[in-house]
Amino acid sequence: GMVCCVGEDTDNSSPPTAHVYWLREHDNDRMEHISDLTILDRALLHGDTVMHKKRKGLVTATRMLVDMRYADGTVVTGVDTRSLKHLQPFKQGNWVVSEGWLGRVISCRDNVTVQFEDDSQCLVTATSNGELVAAQKMYERSPFFPSMAVKAGASFSFESADWIQGSHTNQKQGVIASTVPAEVVVAWIAVLHGSTAHPPNPSCAPEELTLLNHFGHTWWRLGDRTIHQREDGAGRDDIFNCCEIVSTRTTVDVRYLDGTVAKGLAALETIMFNPGPHEFYPGDLICDKDPYDGDRSSVSVVISADERTRMVTVQRLPA
């Protein structure tokens, strides 16, 4: 399972709990006592502050290996996530650029192709795919993916879909054959100097956006889906090659306060924490707190820091 948050319903007199989403059909959303849980992996991102063997540091690189399970139960182990492609690249919170504007994804809707037992197929467009419902309870929160069983919602009929082949007659439930991002809603935040003063339309086609995904290989989580061709999967459809992430193993490089670097640490060996307001880490950009002349344009980069003396070594950057 995957921990969503910790202690949201705990008072001081009760044992600490964690909100867990379990990868199972029934009873998959529960509060669990932390003492009953075992950590299998820790999801760390570039820039996280961690403690390792009583030394504080900053995560400077992340590598993930995953195990993946196909619909027929076949499992592939030790796959580097750099070789995988996200089915839903425009996830909520991801950063995008268009026409010189920086924005954050609010939501994304897909065009979904549904296949039925008699090989009939229909296209459910982004404007109406909200009326598709997962046939299995455990996927109610999941985005659409190939091989996912779906049925029509209460206010939707497959008759109104765009039919690629076959007929809508007596079609009640099908399987998703493919998904394609079609409509992305973006909140525009900042503009590059010299670009247009008016932001792009909040509703965008994916091809109008540039996704800032340099760290996309670190975004994988338990239960995510991807298309990964098996040894016998050449020429087969997405239903056959779609698989689920069932296990992750994360390693990180950590730059300690003194500037030294440890490479390939198991994420489980580290502990995350929130740094204090007066803590600085190698790579931080800083300026004088109260410059005499009020000029904050002089910027330096932290090279190393000493937690005991609260002194830092910095390098001035050219103006």
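Below is a summary of the structure that appears in this document.

About the criteria used
For every chain, the first residue of the written sequence is number 1, and numbering continues from 1 along that sequence. Selection of residues for local features in this predicted model requires a pLDDT of at least 70, selection of side-chain atom pairs for listing and counting requires 80 or more, and totals for whole chains, interfaces and linings are taken over all residues. Each side-chain value is worked out from all heavy atoms of the structure, with water and hydrogens disregarded. Counting from the N terminus, the helices are DSSP H or I runs at least four residues long and the strands are E runs at least two residues long. Relative accessible area decides the class of each residue, using a 1.4 Å probe on protein chains only: under 20% of the type maximum gives buried, over 50% gives exposed, and in between gives partly exposed. The contact rule is simple, with two residues in contact once any of their heavy atoms fall within 4.5 Å. Each accessible area is a Shrake-Rupley result for a 1.4 Å probe, and residues are judged covered by the shown protein chains and nothing else. In this analysis, strands are considered paired if DSSP registers two or more bridges between them. Convention adopted: a line fitted to C-alpha atoms gives each axis, helices being fitted over their contacting stretch, and angles between N-to-C directions are expressed from 0 to 180 degrees. Under the pairing criterion, centres of Phe, Tyr and Trp rings, with the six-membered ring standing for Trp, must be within 6.5 Å; the plane angle then separates stacked pairs below 30 degrees from edge-to-face pairs above 60, leaving the rest tilted. By definition here, charges over rings are those cases where NZ of Lys or CZ of Arg is within 6 Å of the ring centre and within 35 degrees of the ring normal. Between Lys or Arg on one side and Asp or Glu on the other, a salt bridge is scored when a side-chain nitrogen of the former is within 4 Å of a carboxyl oxygen of the latter. Here, patches come from residues exposed beyond 30% relative accessible area and free of salt bridges, joined within 9 Å for like charges and within 5 Å for nonpolar side chains (Val, Leu, Ile, Met, Phe, Trp, Tyr).

Tallying secondary structure elements over the chain gives one helix and 22 strands in all. Taking the principal axes of its C-alpha atoms as reference, the chain extends roughly 80 × 55 × 45 Å. When burial is assessed residue by residue, the chain has 35% of its 319 residues classed as buried. Expressed as a percentage of contacts within the chain between residues at least 6 apart in sequence, the contacts between residues at least 24 apart total 54%. Approximately 19000 Å² of the chain is accessible, and the part contributed by carbon and sulfur atoms is 52%.

Strand order in the open sheet made by the three strands is β1-β2-β3, with antiparallel pairing throughout. The sheet terminates laterally at β1 (2–6) and β3 (29–33), the two strands that pair on one side only. If you compare each strand with its neighbour and ignore which way they point, the axes differ by 35° on average.

The full count for this structure, using the stated rule, is three aromatic pairs. Ring centres 5.1 Å apart and planes at 85° place the aromatic pair Phe-116 and Phe-158 in the edge-to-face group. With Phe-116 in the loop between β8 (101–115) and β9 (121–124) and Phe-158 in the loop between β11 (149–152) and β12 (162–165), this residue pair connects regions lying 42 residues apart in the sequence. Given a relative accessible area of 4%, Phe-116 falls into the buried group. In this structure Phe-158 comes out as buried when scored by relative accessible area, which is 2%. Ring geometry for Phe-116 and Trp-163: centres 5.4 Å apart, planes at 25°, overall stacked. In this pair, Phe-116 is assigned in the loop between β8 and β9 and Trp-163 in strand β12, connecting sequence segments 47 residues apart. What links up through ring pairs into an aromatic cluster is the set Phe-116, Phe-158 and Trp-163. Taking the ring centre of Tyr-70 as reference, the NZ or CZ of Arg-230 above it sits at 4.1 Å. The side chain of Arg-230 reaches across the aromatic face of Phe-240, ending 4.0 Å from its centre.

What follows deals with the pattern of salt bridges. Tallied over the entire structure, the rule returns twelve salt bridges. Residue Arg-30 pairs with Glu-32 through a salt bridge whose shortest N-O separation is 3.4 Å. Of the residues examined, Glu-32 reaches a relative accessible area of 12% and is grouped as buried. Note that Lys-91 is salt-bridged to Asp-224, the shortest N-O span being 3.4 Å. In this pair, Lys-91 sits in the loop between β6 (75–80) and β7 (95–98) while Asp-224 sits in the loop between β15 (210–211) and β16 (225–227), placing the two residues 133 residues apart along the sequence. For Lys-91, a relative accessible area of 26% puts it in the partly exposed group. The exposure class of Asp-224 is buried, given its relative accessible area of 17%. Salt bridges sharing common partners tie together Lys-56, Glu-279 and Glu-307.

With that settled, consider a nonpolar patch on the surface. A contiguous nonpolar patch, built from Val-3, Val-6 and Ile-34 and spanning about 240 Å² of accessible area, is present on the exposed surface. Mapping Val-6 onto the fold places it in strand β1.

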